[in-house]
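In case you want the letters, here they are:
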Amino acid sequence: MKTVLETILPKLIPEHISYICIPHQGKQDLTKSIPKKIKAFKFNPDTKFIIVHDQDSHDCKKLKSELLEICQNAGNKNILIRIICHELESWFLGDLVAVEKAYRLKPESLSQQQNKTKFRNPDQLNSAKEELRKLVPEYYPGTHSRMIAPYLSLTENKSRSFQVFLDGINKILN
């Protein structure tokens, strides 16, 4: 996820605004880290926090509520929390043109499938990772997300969670 965010964010955030992406090893690592990060950055009241988390098998609203409560208990109520439904690969399946380009596939070999029901709303898939592997058997998370991320469209992606993430970033910037 860090790789993808580090590719997308420079396209959204003006150069004069500095930011850092801090990866965590799962929900437990993140929840332990939140209070520490909030306290460490209290010296600058202009600091904004954005938490991006895969939904995986969690209840989306419950997960967001739990993360928000941790932030509030640590003393910060103004935090943007975005849950990727269900997993990062949903963002990739929302832009099959990007997947085509990343794997140097014949144009329209995958993108023509974008209008199929399951790819029109990839956030509804229980295992986007498995669906992506069906389309591109050599797909390997982590390594290959680095290949796809540069091609992700900020305007044409069908993933609703991707669109909501971008909207959240834009709201923070404005």
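This report concerns the structure included in the present document. Remember, it's a predicted structure, so these values are computed and weren't measured experimentally.

## A short note on the pairing of strand β1 (residues 49-54)
Side chains on a regular strand alternate between the two faces of the sheet.
Now for step 1: Here β1 lies mainly inside the structure; five of its six residues are buried.
Now for step 2: For β1 and strand β2 (residues 79-84), the ladder comprises six bridges, and the chain directions are parallel. Each residue of the ladder has a partner; that of H53, found in β2, is I83.

## Structural notes on the layout of surface pockets
Which parts of space are left empty comes out when a probe the size of a water molecule is rolled across the atoms.
Now for step 1: If you add up the space inside the largest pocket, you get close to 1,500 Å³.
Now for step 2: Every residue lining the largest pocket is counted, 49 residues in all, and those nearest its centre are L5, I20, C21, I22 and I50.
Now for step 3: Listed by contribution, the elements that provide at least two residues to the lining of the largest pocket are α1 (2-12), α2 (26-40), β1, α8 (145-148) and α9 (160-173).
Now for step 4: In terms of residue count, α2 provides more of the lining of the largest pocket than any other element does, seven residues in total.
Now for step 5: Here the lining of the largest pocket is composed, by residue class, of 26 nonpolar, 12 polar and 11 charged.

## Digging into the packing of aromatic side chains
Now for step 1: All chains considered together, the criterion is met by five aromatic pairs.
Now for step 2: Considering the side-chain rings of F41 and F43, the 6.3 Å spacing of their centres and the 25° angle between planes classify their relative orientation as stacked.
Now for step 3: Given the relative accessible area of 26%, F41 is considered partly exposed.
Now for step 4: Ring centres of F41 and F49 lie 5.9 Å apart, and the angle between their planes is 85°; this geometry places the pair in the edge-to-face category.
Now for step 5: Taken together, the aromatic side chains of F41, F43 and F49 make up a single cluster linked through ring pairs.

## Focus on the packing of α1 against α9
Now for step 1: Close contact between α1 and α9 brings their axes to 11 Å; oriented N to C, the two are set at 45°. The orientation of α1 relative to α9 falls into the category oblique. Note that α1 runs across α9; the crossing there is right-handed. From α1, L5, I8, L9 and L12 reach across to α9, where they touch F162, F165, L166, I169 and L173.
Now for step 2: A class-by-class count of the residues in the contact of α1 with α9 yields nine nonpolar, no polar and no charged.

## Quick look at the nonpolar core
The nonpolar side chains of a soluble globular protein tend to be buried, and buried together.
Now for step 1: Core analysis: the biggest nonpolar cluster contains 33 residues, and W91, F92, V99 and I148 have the highest contact counts within it.
Now for step 2: Counting residues per element, the ones that place at least two in this core are α1, α4 (89-93), α5 (96-102), α7 (128-135) and α9.
Now for step 3: Sorting elements by how many residues they give to this core places α1 first, with five residues.
Now for step 4: Leave out the neighbours within four places in its chain, and I148 touches F92, A98, V99, A102, Y103, L132 and Y139.
Now for step 5: Formed by 12 residues, the second largest nonpolar core is a distinct cluster that contains I34, C71, A74 and I81.

## With respect to the pattern of salt bridges
Now for step 1: All told, the structure shown has four salt bridges when counted by the stated rule.
Now for step 2: In this structure, the salt-bridge partner of K118 is E131, at a minimum N-O distance of 3.0 Å. Here K118, found in helix α6 (residues 117-120), pairs with E131, found in helix α7; they are 13 residues apart in sequence, far enough to count as distant.
Now for step 3: The partly exposed category is assigned to K118, whose relative accessible area is 37%.
Now for step 4: Salt-bridge contacts for E130 lead to R133; the nearest nitrogen and oxygen are separated by 2.9 Å. Remark: R133 and E130 occur in helix α7; sequence separation between them is three residues, near one turn of the helix.
Now for step 5: According to the relative accessible area criterion, R133 is partly exposed, its value standing at 27%.

What counts as what
Residues numbered from 1 in each chain as written. Predicted model: local features only at pLDDT ≥ 70, side-chain atom pairs only at ≥ 80, totals over all residues. Heavy atoms only, no water. Buried < 20%, exposed > 50% of the residue type's maximum accessible area, 1.4 Å probe, protein only. Helix = DSSP H or I, 4+ residues; strand = E, 2+ residues; numbered from the N terminus. Pairing = 2+ DSSP bridges. 1 Å grid on protein atoms, 1.4 Å probe; cavity = no way out; pocket = protein on both sides within 12 Å on 5 of 7 lines; lining within 4 Å. Points joined across faces, edges and corners; volume = space filled by probe spheres on them. Nonpolar A, V, L, I, M, F, W, Y, C, P; charged D, E, K, R; others polar. Phe/Tyr/Trp six-rings, centres within 6.5 Å; stacked < 30°, edge-to-face > 60°. Axes fitted to C-alpha atoms, helices over the stretch in contact; angles between N-to-C directions. Parallel < 35°, antiparallel > 145°, perpendicular 65-115°, else oblique. Left-handed = near helix turned anticlockwise from the far one by under 90°. Contact = heavy atoms within 4.5 Å. Core = buried A, V, L, I, M, F, W, Y, C linked by side-chain atoms within 4.5 Å. Salt bridge = Lys/Arg side-chain N within 4 Å of Asp/Glu carboxyl O.

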